[in-house]
Amino acid sequence: MLLAGVTFLAGAALGGAAVNVYMLILARVLLGIGVGFANQSVPLYVSEISLPKYRGAITSGFNLCTSIGVFSASMLNYGTQKIRAGYGWRISLAMAALPASLLTLSAFILPETPNSLIQRGTDHQTVLTALQKIRGTTNVQEELEDLIQASAISKTVKHPFRNMVQRRYRPQLVMAIAIPFFQQVTGINVITFYAPLLFRTIGQGESTSLMSAVVTGMVGTGATILSMLLVDRLGRRVLFVIGGIVMFISELMVGGILAAQLGDHGGLSRGSAYLVLVSVSIYLAGFGCSWGPLGWLVPAEIFPLEIRSAGQSITVAVGFVFIFAGAQSFLTMLCHLKSGTFFFFAGWLAVMTVFVSLLLPETKNIPIEQMERVWMNHWFWKRFVVTEEDKNGEVEMD
C-alpha cells in the first residue's frame, strides 16, 4: 500500500506538471503501477482483518471508495473543463495526489494483519496480542489456532504460482481468472470510460454529457452502499444473480433504443436520450450491487493462505488485461457493431449469471481460513479438492 501511494503521488505530480505527451504517458504508467499495487494489497488486507460476519460489507468498502473516486473525478472534470487558459486538465490530473496522500499516510498507520505476521514467522504471543487488539476481545484462541494451522500448511508451499495449477487449487484458479474476466465483459469500464463520448454520440453537448457521467457516478455509489448492507445477509450468489439479470435487461434496453432510433446514422430525440441515460443508470445500479463490489470481494476471500498472494495477483492481472482490451476495442466495436455492442455485452451477462449460479459456492459468514470447506461441499468442485487421502482422514501436503 505504501508503494502504491508513493507511485500515485509521483504520477499525479508528473501529470499535473507535464509539458509534453511523453511526460503524460510516463505519469499514466506510474499511476497504473500504483493501481496495481493497491488492487493487489488493499482487498486482501481488508478481507484478512475483517470479522467473517462483516467481511462482505467491509471488503465491499474497497469498491465503494472506487465508486466515490469515479464520482469525484467526474465532478472534478465537470468543473475543470470550464477553466480557461489551459489549466483545467492540469488541476484534474494533479488532484490525484489527494487520495494518494491519504493512502500513503494510512500505510504508515495501519497495523499488519495477524495472517501476515504469522506467515512471516512472528511469535505466536505477538500475533495473539495483535489479534486481540484488532478484534477487541481476548476470546480469539480458536481464530489463532486456525491461523497457526494455515501458516503451517503455507510453509510447505515454496512456489505459490506453480502450486496454483495443482488439481486441489483448481476451483480457486478458475475463479481467479473467470471473475475478473466476467467483471470486465459486463461492459462496465468501457461505459465508464466513454460515458461522456457515448452521450455526445447520441446527441448531447459536451457539458451535458459530462453531467450525465456525474449522474451515473452517483447511481453507482448509491448502489454499492446498498450492496454493503445486503451482502452479508443475502449472500454473494444472490446479489450476483440479481445484478446480472438487472444488467442484462438494461443492456438490451440500451441496445434496442439505439437500434430503433439511430440506425446507421443520425441522433436520438431528447426523450430517447434520457431513456438511454435511465437505462444506463439502472445498469450501473445492478453493477454496483453485484459485480462491482463482489468482483473484488470474492477473490479476496477464497484463497487459502499458502496461495493467497499469488491468487490475488492473478485476479488483478487478468482484470487489467481485459480492462486494457476493452478500452482499446470499444470505439471500434461501437463504430462497426453500433447498437450490437450492447447486445454483445448482454450475451456475456447471460453466460456469467449462469456460471455463478452453477459453479460459485456461497462464502458468506465463513472464516477466511476455513474457506476450503465450501469447495469440499460443492457438487462440482469437490471432485478436485477432496482426495482419497482426505476421505480417509488425511490431508495431502505439497
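What counts, and where the lines are drawn
Residues numbered from 1 in each chain as written. Predicted model: local features only at pLDDT ≥ 70, side-chain atom pairs only at ≥ 80, totals over all residues. Heavy atoms only, no water. Helix = DSSP H or I, 4+ residues; strand = E, 2+ residues; numbered from the N terminus. Buried < 20%, exposed > 50% of the residue type's maximum accessible area, 1.4 Å probe, protein only. Contact = heavy atoms within 4.5 Å. Areas by Shrake-Rupley, 256 points an atom, 1.4 Å probe, with all protein chains shown as cover. Core = buried A, V, L, I, M, F, W, Y, C linked by side-chain atoms within 4.5 Å. Phe/Tyr/Trp six-rings, centres within 6.5 Å; stacked < 30°, edge-to-face > 60°. Lys NZ or Arg CZ within 6 Å of the ring centre and 35° of its normal. pLDDT = per-residue confidence, 0-100.

Along the chain, the regular secondary structure elements total 20 helices and zero strands. Counting the 398 residues in the chain, one finds 47% classified as buried. Sequence separation of at least 24 residues holds for 76% of the intrachain contacts in the chain that already meet a minimum separation of 6. Of the roughly 18700 Å² of accessible surface on the chain, 67% is carried by carbon and sulfur atoms.

Attention now moves to the environment of Leu173. Relative to the helices and strands, Leu173 is located in helix α10 (residues 170–185). The spacing of Leu173 and Ile307 is 134 residues in sequence and 9.9 Å in space, taken between C-alpha atoms. Every residue in contact with Leu173, bar those within four places of it in the chain, is listed here: Met164, Val165 and Ile314.

Once that is clear, we can look at the environment of Gly56. Mapped onto the secondary structure, Gly56 falls in helix α3 (residues 55–80). Between the alpha carbons of Gly56 and Pro293 there is a distance of 9.0 Å; along the sequence they are 237 residues apart. For Gly56, the contacting residues outside a window of four places in its chain are Val231, Asp232, Arg236 and Leu297.

Turning to unusual backbone geometry, a few remarks are in order. Residue Asn365 is not a glycine yet carries a positive backbone phi of 65 degrees. Residue position: Asn365 is located in the loop between α17 (340–359) and α18 (372–376).

Before going further, it helps to examine the nonpolar core. Counting residues in each nonpolar core, the largest one holds 53 residues, and the members touching the most others are Met164, Met175, Phe182, Phe240, Trp291, Phe355 and Trp375. Examining the composition of this core, we find that eight residues originate from one element, α10, more than from any other. Apart from the residues within four sequence positions on either side, Phe182 is in contact with Trp291, Trp348, Val351, Met352 and Phe355. In this structure, Tyr45, Phe62, Ala100 and Trp296 belong to the second largest nonpolar core, which totals twelve residues.

Here we take up the packing of aromatic side chains. Overall, the coordinates contain 14 aromatic pairs when judged by the stated rule. Here Arg168 stacks its cationic end above the ring of Tyr169, 6.0 Å away from the centre of that ring.

To continue, consider the confidence of the model for the chain. Taken as a whole, the chain shows an average pLDDT of 84; of its residues, 87% reach a score of 70 or greater. Low pLDDT, under 50, characterises residues 393–398; the predicted model gives this stretch 13 contacts beyond four residues in sequence or across chains.

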